[in-house]
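Observations on the three-dimensional arrangement
Chain residues, written in single-letter form:
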Amino acid sequence: MNITSGIIQTAKKVVIYGPEGIGKSTFAAQFPDPVFIDTEGSTKHMNVRRFDKPCSWEMLMQEVEYVISNNVCKTIVIDTADWAEKLCIDDICARYKKTGIEDFGYGNGYVYLMEQYGKLLNRLEDIVNAGINVVLNAHAVMRKFEQPDEMGAYDRWELKLTRKVAPIVKEWADILLFANYKTYAVSVDDKGTKHKAQGGKRVMYTAHHPCWDAKNRFGLAEELPFEYEQICNCIEANQVQTEDIPQNPPPEMTEEDFKEPEPVFDEKIPSERLVQLMKENSVTPLEIRKAVAYKGHFPQDTPISNYPPDYIDGVLIGAWGQVFEVIKNMRENYLF
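Read on for an overview of the structure.

Conventions and cut-offs
Residues numbered from 1 in each chain as written. Predicted model: local features only at pLDDT ≥ 70, side-chain atom pairs only at ≥ 80, totals over all residues. Heavy atoms only, no water. Axes fitted to C-alpha atoms, helices over the stretch in contact; angles between N-to-C directions. Helix = DSSP H or I, 4+ residues; strand = E, 2+ residues; numbered from the N terminus. Parallel < 35°, antiparallel > 145°, perpendicular 65-115°, else oblique. Left-handed = near helix turned anticlockwise from the far one by under 90°. Contact = heavy atoms within 4.5 Å. Pairing = 2+ DSSP bridges. Buried < 20%, exposed > 50% of the residue type's maximum accessible area, 1.4 Å probe, protein only. Arc of directions from axis to C-beta. Salt bridge = Lys/Arg side-chain N within 4 Å of Asp/Glu carboxyl O. Disulfide = S-S within 2.5 Å. Phe/Tyr/Trp six-rings, centres within 6.5 Å; stacked < 30°, edge-to-face > 60°. Lys NZ or Arg CZ within 6 Å of the ring centre and 35° of its normal.

Further remarks concern the packing of helix H7 (residues 272-280) against helix H9 (residues 309-317). The interhelical angle for the contact between H7 and H9, taken along N-to-C directions, is 30°, at an axis separation of 10 Å. When the interaxial angle is binned, H7 and H9 end up roughly parallel. In terms of crossing hand, the pair formed by H7 and H9 is left-handed. Contacts between H7 and H9 involve Arg273, Leu274 and Leu277 from the first element and Ile312, Leu316 and Ile317 from the second.

Here we take up the pairing of strand E5 (residues 133-146). Bridge count for strand E1 (residues 13-18) against E5 is six bridges, and the pairing is parallel. Its bridge partner lying in E5, Val14 is registered against Val135. Pairing of strand E4 (residues 75-79) with E5 involves five bridges; the strand directions are parallel. Its bridge partner being in E5, Thr75 is matched across the sheet by Asn133.

Listing the buried residues of H9 in full gives Tyr311, Ile312 and Leu316. On an axial view of H9, the arc spanned by its buried residues comes to 95°, and they lie on one face. In H9, the exposed positions that point more than 90 degrees away from the buried face belong to Pro309 and Asp310. Turning to H9, the residues buried within the fold contact H7, helix H8 (285-294) and helix H10 (320-332).

Here the amide bond leading from Asp79 into Thr80 is cis, since omega sits at 15°, within 30 degrees of zero. For Asp33, which is not glycine, the phi dihedral falls at a positive 40°. By the secondary structure assignment, Asp33 is in the loop between helix H1 (24-28) and strand E2 (34-38). On the basis of relative accessible area, Asp33 is assigned to the partly exposed category, the value being 36%. The backbone of Lys97 shows a phi angle near 55°, a positive value even though the residue is not glycine. By secondary structure assignment, the location of Lys97 is in the loop between helix H3 (81-95) and helix H4 (108-129). Overall, the relative accessible area of 74% leaves Lys97 in the exposed class.

Turning to the pattern of salt bridges, a few remarks are in order. Under the defined criterion, the tally for this structure stands at 15 salt bridges. As a salt-bridge pair, Arg49 and Asp33 come within 2.8 Å of each other at their nearest N and O atoms. You can see Arg49 sitting in strand E3 (residues 49-50) and its partner Asp33 sitting in the loop between H1 and E2, a full 16 residues away along the chain. Across the pair Arg163 and Glu158 runs a salt bridge whose closest N-O atoms are separated by 4.0 Å. Taking relative accessible area as the criterion, Arg163 reaches 59% and is therefore assigned exposed. Each of Arg143, Arg156, Glu158, Arg163, Lys170 and Asp213 takes part in a single network of salt bridges with overlapping partners.

Here we take up the state of the cysteines. Per the stated rule, a full pass over the model turns up zero disulfides. Just so you know, Cys93 is unpaired, no disulfide at all, and the nearest cysteine sulfur is the one on Cys88, 9.6 Å from it. Judged by relative accessible area, Cys93 falls into the buried class, the value being 6%.

Per the stated rule, a full pass over the model turns up 18 aromatic pairs. Plain terms: the ring middles of Trp157 and Phe178 are 5.9 Å apart, the flat faces sit at 35° to each other, and that makes the pair tilted. Here Trp157 is found in strand E6 (residues 153-159), whereas its partner Phe178 is found in strand E7 (residues 175-187), with 21 residues between them in sequence. In this structure, Lys86 packs its charged tip against the face of Trp83, placed 4.4 Å from the ring centre. Positioned above the aromatic ring of Phe104, the side-chain terminus of Lys98 is 5.7 Å from the ring centre.

The next thing to look at is the pairing of E2. Judged by how many residues are buried, E2 sits mostly within the fold: five of five residues are covered. Here E2 shows a buried face lined by Pro34, Phe36 and Asp38 and a second buried face lined by Val35 and Ile37. Two elements, E2 and E4, share five bridges in a ladder whose sense is parallel. Looking at the pairing, Phe36 lines up with Val77 of E4. Strand direction decides the pairing type here: E2 and E3, joined by two bridges, are parallel. Opposite Phe36, over in E3, you have Arg50 as the bridge partner.

What follows is the structure, given as structure tokens:
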């Protein structure tokens, strides 16, 4: 048995749902190198790469299998998940010679549907394991929700999927985003008895609320502008390729091989205080220069002796804790 620790960087599983026309396809098109499986023809007027529109569940699954077998993109987008569900229903009904999913009786049709749609999610999981992001766009529908304790009922936004499929899609996702227009009620009389709606700003919600489903595993704010830039760090940060991960050392290496070398101060450091901080943390001049270049302050080949005195005093010394954090992060990601 092998036990590991730490964060495992993988591709992401994202579900985006909201009312029609809010811009789900445009949002998904900003993911890294996307290819669309356009089940409803919503990308006709967008300059994106796409498969032929699937006319059957079998064709949809074949396109998914093609993504698994061929390195065609960094993100696959199914637009939309609810239209894909319709293809799945049609396939099941044709196979069992039924006119509709309700004809099976006792909810059996929905059990078949959940099993078949679950196979799609399993294959999408294989795509994620291959390092390719998966985005499922879906429409939203407002449904009446009744509390189990009979304390009342209210309307809430949900995925426009059947009640058997919606839960497994939500469980499958790393990020579930609900996009909507945010409106405000503004009083139009002195007494505050008449109001009109204003606003219409597009926002996305990332956490569960009584009125909608949402979730994320990356500490996002509960409400954000509906812009890809708001989540791009979660999608694109720390994408480590397998070949970049250092291999275990060969067995013949001894303990001496693992000792940290003493830092070499091979250039003039114009501040005794900075030299002291570097020695206390075993930081070399090269690490300083790489960290400074990483932050975009000076080119890496600029000698520390050429840094302005106020930069050395105010940044390297005055904010040493932050500088050293950058160096530690670069060490952990093998950037030295």
